[in-house]
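Secondary and tertiary structure notes
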Amino acid sequence: MSRHFLRDDDLSPAEQHEVLSLAASLKQAPYDSQSLAGPRTVATIYDKPTLRTQASFAAAIAELGGNPMMVDGTLAGIGKRESVADVARVLGRQASVIVWRTFAQTALEEMAEYAGVPVINALTDDFHPCQLLADLLTIRERKGELTGLAVAFVGDGACNMGNSWLLAGATAGLHVRIAAPAGHQPEEQFVARAREIGEQTGATAEVMTDPKAAADGADVVVTDTWVSMGREDEAADRLAAFSGYTVTSDLMSLASSDAIAMHCLPAYRGKEIDSDVLDGPQSVVWDEAENRRHAQKAIITWLLRGAEQTEEGLL
């Protein structure tokens, strides 16, 4: 039975550490893993706008010796023209891995149920786990060990990035503080899950409204766009709701003196983050963007190794 990467807590703390260590190794020696040699095909499906996800997966798959097969989600009509289950059965016989950037987490889970090969979440409305692997890799490069570091996520805590920071951060042993206005805070189920994981790792998860309290002494300050894909019609209301949640140099001054600023991009300067922070010396956003490739190479390789070991055990 294939392992999948559908949400951040699909990896145990030890497994997450293993994947991040593999990503760091592959960044230093990009062609050491040829887990897709053949070339084996990876089906990549994009239902939402994409730049970093498409570019990093295509580069990652090629560097692993594989063939990136892009499936146009609109043309495929997944869930409309054909059921998710039927698409999964078809692609699972054409590809060694399926990568899907889509809307509903439930659709991704259905794909995984019927594909017969590893399925990777390249972003859903609920989670963005590949971005978090890249972010954690970036923090490791700047800070060393992750355990015990404090991360302030400022802005829309109810988005997929807020959820993933809670789960992945807890898995890594981080102290995650989400600062978001009322009505834009993460669902209690994700906070509770983070705290449950934290019982194993020593992590903590806090939700608050005050961005200054979240940033106080933080090692990492993170934000994301206030208007996520599919919420464009709410832009005016959201800009009003998030007034006071911009990551500014003043906010960064409350954090640790060597704190780093993160944003998964695309960024809207002057809204969720000021230009002098995004383009300043504390920003690591371009490292994050590059590290998507290395992290995704690692999760593909790790999942395929597990699938091969399972097959060998069944022989």
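Before reading further, recall that the structure is shown in the block above.
The text that follows walks through the structure, step by step, so that each part is easy to find. (Residues numbered from 1 in each chain as written. Predicted model: local features only at pLDDT ≥ 70, side-chain atom pairs only at ≥ 80, totals over all residues. Heavy atoms only, no water.)

1. Considering the sheet that holds strand β9 (residues 260-263)
Strand order in this open sheet of five strands is β7-β6-β5-β8-β9, and the pairing throughout is parallel. In this open sheet, the two edge strands, each paired with only one partner strand, are β7 (204-208) and β9. Between one strand and the next, the sheet's axes are offset by a mean angle of 20°, whatever the strand orientation. Across three bridges, the pairing between strand β5 (residues 150-154) and strand β8 (residues 220-223) is parallel. When the sheet's bridge partners are listed, Phe-153 is paired in β8 with Val-222. (Pairing = 2+ DSSP bridges. Helix = DSSP H or I, 4+ residues; strand = E, 2+ residues; numbered from the N terminus. Axes fitted to C-alpha atoms, helices over the stretch in contact; angles between N-to-C directions.)

2. A few points about the pairing of strand β3 (residues 97-101)
Remember that side chains alternate between the two faces of the sheet whenever the strand is regular. Taking burial as the measure, the five residues of β3 include five buried ones, the bulk of the element. Across five bridges, the pairing between strand β1 (residues 41-46) and β3 is parallel. Of the residues in β3, the one forming a bridge with Tyr-46 is Arg-101. Inspection of the sheet shows β3 paired to strand β4 (residues 119-121) by three bridges, in the parallel sense. Bridged to Trp-100 within β4 is Asn-121. Note that the unit made of β3, helix α5 (residues 105-115) and β4 has a crossover that is right-handed. (Buried < 20%, exposed > 50% of the residue type's maximum accessible area, 1.4 Å probe, protein only. Right-handed = clockwise from strand over helix to strand, strands pointing away.)

3. Some points on the nonpolar core
Formed by 60 residues in total, the largest nonpolar core has its most connected members in Ile-120 and Trp-165. Filtering out sequence-adjacent residues up to four positions away, Ile-120 remains in contact with Phe-5, Phe-57, Val-97, Ile-98, Val-99, Trp-100, Leu-108, Cys-130, Ile-299, Ile-300 and Leu-303. Counting 23 residues, the second-largest nonpolar core is a separate cluster that includes Ala-152, Tyr-245, Leu-251 and Val-285. (Core = buried A, V, L, I, M, F, W, Y, C linked by side-chain atoms within 4.5 Å. Contact = heavy atoms within 4.5 Å.)

4. Some remarks on the pattern of salt bridges
Evaluation of the coordinates by the stated rule reveals 14 salt bridges. Across the pair Arg-3 and Glu-15 runs a salt bridge, and its minimum N-O distance is 3.1 Å. Taken as a pair, Arg-3 in the segment before α1 (13-28) and Glu-15 in helix α1 lie far apart in primary sequence, 12 residues in all. Put simply, Glu-63 and Lys-297 hold a salt bridge, and the shortest N to O gap is 2.7 Å. Highlighted residues: Glu-63 in helix α2 (residues 52-63) and Lys-297 in helix α13 (residues 285-314), separated in sequence by 234 residues. On the accessibility criterion, Glu-63 (13% relative accessible area) is buried. Residue Lys-297 is classed as buried on the basis of its relative accessible area of 0%. One network of salt bridges, in which partners are shared, links Arg-7, Asp-9, Arg-193 and Glu-196. (Salt bridge = Lys/Arg side-chain N within 4 Å of Asp/Glu carboxyl O.)

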